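# Structural features, examined
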Amino acid sequence: MTRIIVVTSGKGGVGKTTTSAAIAMGFAKKGHKTAVIDFDVGLRNLDLIMGCERRVVYDIVNVIYGEATLNQALIKDKHCENLYILPASQTRDKDALSQEGVGQILEELAAKDFKYIVCDSPAGIEKGAHLAMYFADDAFVVTNPEVASVRDSDRMLGILASKSRRAEQNLEPIKEYLLLTRYSAERVKIGEMLSVADVQDILSLHLLGVIPESKSVLTASNSGIPVILDEKSDAGQAYADIVARYLGEDKPHRFIEEKKGIFGKFFGSK
Amino acid sequence: MPTNSPTLEFKSGSFSVPILILFSDDLKAIGQQLQEKVDLAPEFFKNSPLIFDVQELNKLSRAIDIPALVDIIRQSGLLPTGIRGGTTQQNKEALALLIPVYSAHSSTLTSADTQAQKQKIIEPEPSVNASATIITRPVRSGQRLYASGDLIVLAQVSAGAEIMAEGNIHVYNTLRGRALAGVQGNVDARIFCSDLQAELISIAGNYKISEDMDMSDVVSKKSVQIYLQGHTLIIKDII
Ligand SMILES: Nc1ncnc2c1ncn2[C@@H]1O[C@H](COP(=O)(O)OP(=O)(O)O)[C@@H](O)[C@H]1O
Ligand SMILES: [Mg+2]
């Protein structure tokens, strides 16, 4: 059975595209046939993060309008043979997407035995974001530890619960997971950021993982390699944990506490 | 289409549908009161199915004109989907308008009941869940809920969410959004919650915003109740 995962947030710039690229690569590396779809028509950048921007010929809008087949538009990833990217169009606007067209693409991917389909949502609650989440089975709600981002995530959760296909057809609701990204334990400690507990208290959502604020994310996106492939980096490890947890492995949470110095290690309280 | 897949299937389901019980045949007054009711919660009533019950009128031998009544109901945005307690002639008229006929309620209201019911126009169908609506999932920012009886929420109500009930509101979790009880004017309605951090609370139109809430008697993260004393909202711990 295919699982459709939407990576969503409401707010922009919180790490949706970074997350979509990382987890799609994570699933593929674990041996699952995976597709990642950029729904950010007009502002596409998933292909940049995935390092395939120079191989884009056709995009999702071409497929919807019958100007290309899905096979022609899907780009095979150069690092992992189980991974395919369906880029967004840079030249069309968001209204070029239609619910029927998106539904057909997802059906076709399911028929091609894709195990996971990751939908990278644009910011906002407009058409693109709506279509990215409409067919989802699971939602990865990407949130930064600050009040505005948490509020937008809450709003998006309301939309998932009322405007999705599962809600409209009275099916089992979308499974919702919290991903807290760009987390800085140091800044939480001095009160500049909400803590994991604060965010969970406000959203009451199952925490799938915490991704620390990390320079490795920028380095990775500049070189077009999803950060999860940087196995030495904290952010890469955090995403690997998230993929493992989602697939049912039991991994304790990391990156929540401040890194302790040598004295902290020996004498610090837990 | 493959021939072995079924084209259709009949299932039986039970729904809670509002019933409009009429005590007057004054079409103008009916139209006005319906509109007032609908205006209170337009989202809730818009395109709502409605069964109208003319039993009480017929007891007084005042046979209302069905096509005119149907017209008035439709004008208020409700969709009449059944008649109850009609005369043979009325049922015929309703059927001519493609409105199904339901058999009248076996237990007719006593006159004392009638007296008590006169204020209310729309009666929810008596059923196990008619008096309380139970919500088990969080009510998120941007979501609105309306219950025609009591509203019981077993999860949190987020900031930016709005819950309304004609009766009492119970939130067995944190209440951060707006909660409005007794929205049809029931001054005895109360709000209960296990952690009060609401943006706004209101009973029968008397409201307080979070800035004005007197929390001196209230320990945060403890269960409280809110009720009306005169026109003042009282917030008290539940011991
Ligand atoms: N964990 C992180 N640490 C540091 N920077 C991050 C992290 N996650 C995302 N970023 C940066 O934040 C910006 C927005 O990320 P992006 O994934 O494009 O967000 P979105 O798709 O939600 O708009 C990018 O510049 C990205 O490099
Ligand atoms: Mg993005």
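Residues numbered from 1 in each chain as written. Chains lettered and ligands numbered in written order. Predicted model: local features only at pLDDT ≥ 70, side-chain atom pairs only at ≥ 80, totals over all residues. Heavy atoms only, no water.

## Observations concerning helix H10 (residues 196-203) of chain A
Residues and elements named next belong to chain A. Put simply, the test is: Relative accessibility thresholds used throughout: buried, under 20% of the residue-type maximum; exposed, over 50%; partly exposed, between the two (1.4 Å probe, protein chains only). To qualify as a helix, a DSSP run of H or I must reach at least 4 residues; to qualify as a strand, a run of E must reach at least 2; elements of each kind are numbered from the N terminus. Directions are taken from the helix axis to each C-beta atom, and the arc is the one they span.
Every buried residue belonging to H10 is among Val196, Val199 and Leu203, and all of these are buried. Projection of H10 onto a plane perpendicular to its axis shows the buried side chains occupying an angular sector of 70 degrees, all on one side. Once H10 ends, the next one or two residues include Ser204, with phi positive near 35 degrees.

## Concerning a nonpolar patch on the surface
Counted only if it meets this: Nonpolar side chains (Val, Leu, Ile, Met, Phe, Trp, Tyr) within 5 Å and like charges within 9 Å form the patches, drawn only from residues with over 30% relative accessible area and no salt bridge. Surface exposure here means Shrake-Rupley accessible area, sampled with a 1.4 Å probe, where a residue is shielded only by the protein chains that are shown. We count a salt bridge whenever a side-chain nitrogen from Lys or Arg sits within 4 Å of a carboxyl oxygen from Asp or Glu.
Together, Ile134, Leu154 and Tyr172 of chain B make up a nonpolar patch on the protein surface, roughly 310 Å² of accessible area in all. Structurally, Ile134 of chain B is set in strand E6 (residues 132-135).

## Details of the site of ligand 1
All names here are of chain A. This is how it is decided: Consider each residue's heavy atoms; a residue with any of them within 4 Å of a molecule or strand counts as near. Under this definition, polar contacts are N or O atom pairs within 3.5 Å; protein pairs additionally need one hydrogen-donor-capable and one acceptor-capable atom, and for neighbouring residues in sequence, both atoms have to be side-chain atoms.
Close contacts around ligand 1 come from 13 residues, with Gly13, Lys16, Thr17, Thr18 and Arg182 the closest. Note that an oxygen atom of ligand 1 is positioned 2.8 Å from one of the backbone N or O atoms of Lys16. Measuring from an oxygen atom of ligand 1, one finds a side-chain N or O atom of Arg182 at 2.8 Å. For ligand 1, the accessible surface in isolation is 560 Å², of which the surrounding protein chains cover 79%.

## A look at the pattern of salt bridges
All names here are of chain A. For the structure on display, the rule yields 22 salt bridges over all chains. Between Asp241 and Arg254 there is a salt bridge, with its nearest N and O atoms 2.9 Å apart. With Asp241 in helix H12 (residues 234-246) and Arg254 in the loop between H12 and helix H13 (262-267), this pair connects stretches of sequence that are 13 residues apart.

## Description of the interface of chain A and chain B
Heads up, the condition is: Contact between two residues is taken to exist if any of their heavy atoms lie within 4.5 Å; hydrogens are not considered. Note on terms: buried area is the combined drop in 1.4 Å-probe accessible area of two parts once they are placed together, counting the loss on both.
On the side of chain B, 13 residues touch chain A, which itself brings 15 residues to the contact. When the two sides are added together, the surface that chain A and chain B hide from each other amounts to roughly 1000 Å², 35% of it contributed by carbon and sulfur. Counting every contact that joins chain A to chain B gives 4 salt bridges. Glu199 of chain B is paired through a salt bridge with Arg151 of chain A; the nearest N and O atoms lie 4.0 Å apart. Inspection of the chain A/chain B interface yields 10 residue pairs in polar contact (both at pLDDT 80 or more). Elements with a contribution of two residues or more to the side of chain A that touches chain B: helix H7 (147-163) and H10 of chain A. In terms of residues, the side of chain A that touches chain B owes the most to one element, H7 of chain A, which gives 7 residues.

## Things to note about the side chain of Asp138 of chain A
All names here are of chain A. As for its position among the elements, Asp138 is in strand E6 (residues 138-143). In this structure Asp138 comes out as buried when scored by relative accessible area, which is 1%. Within the local environment of Asp138, its side chain forms a polar contact with the side chain of Arg3, the two groups lying 2.9 Å apart.

## Quick look at helix H4 (residues 66-75) of chain B
All names here are of chain B. Restricting attention to buried positions, one finds in H4 the residues Ile66, Leu69, Val70, Ile72 and Ile73. Projected onto a plane normal to the axis of H4, the buried residues spread over an arc of 160 degrees and lie on a single side. Each element contacted by the buried residues of H4 is listed here: strand E1 (18-21), helix H1 (27-40), strand E2 (49-53), strand E3 (79-84) and helix H5 (88-96). Looking at the residues trailing H4, positive phi occurs at Gly77, about 95 degrees.

## Things to note about the nonpolar core
Residue and element names in this part refer to chain A. Defined as follows: What is meant by a nonpolar core is a set of buried Ala, Val, Leu, Ile, Met, Phe, Trp, Tyr and Cys residues, joined one to another through side-chain atoms within 4.5 Å.
Core analysis: the biggest nonpolar cluster contains 52 residues, and Phe39, Ile60 and Leu109 have the highest contact counts within it. Contact partners of Phe39, with chain neighbours within four places excluded, come to Ile60, Leu97, Val102, Cys119, Asp120, Pro122, Gly128, Leu131 and Ala132. Core analysis: the next-biggest nonpolar cluster, separate from the first, contains 36 residues, Cys52, Leu83, Val227 and Ile228 among them.

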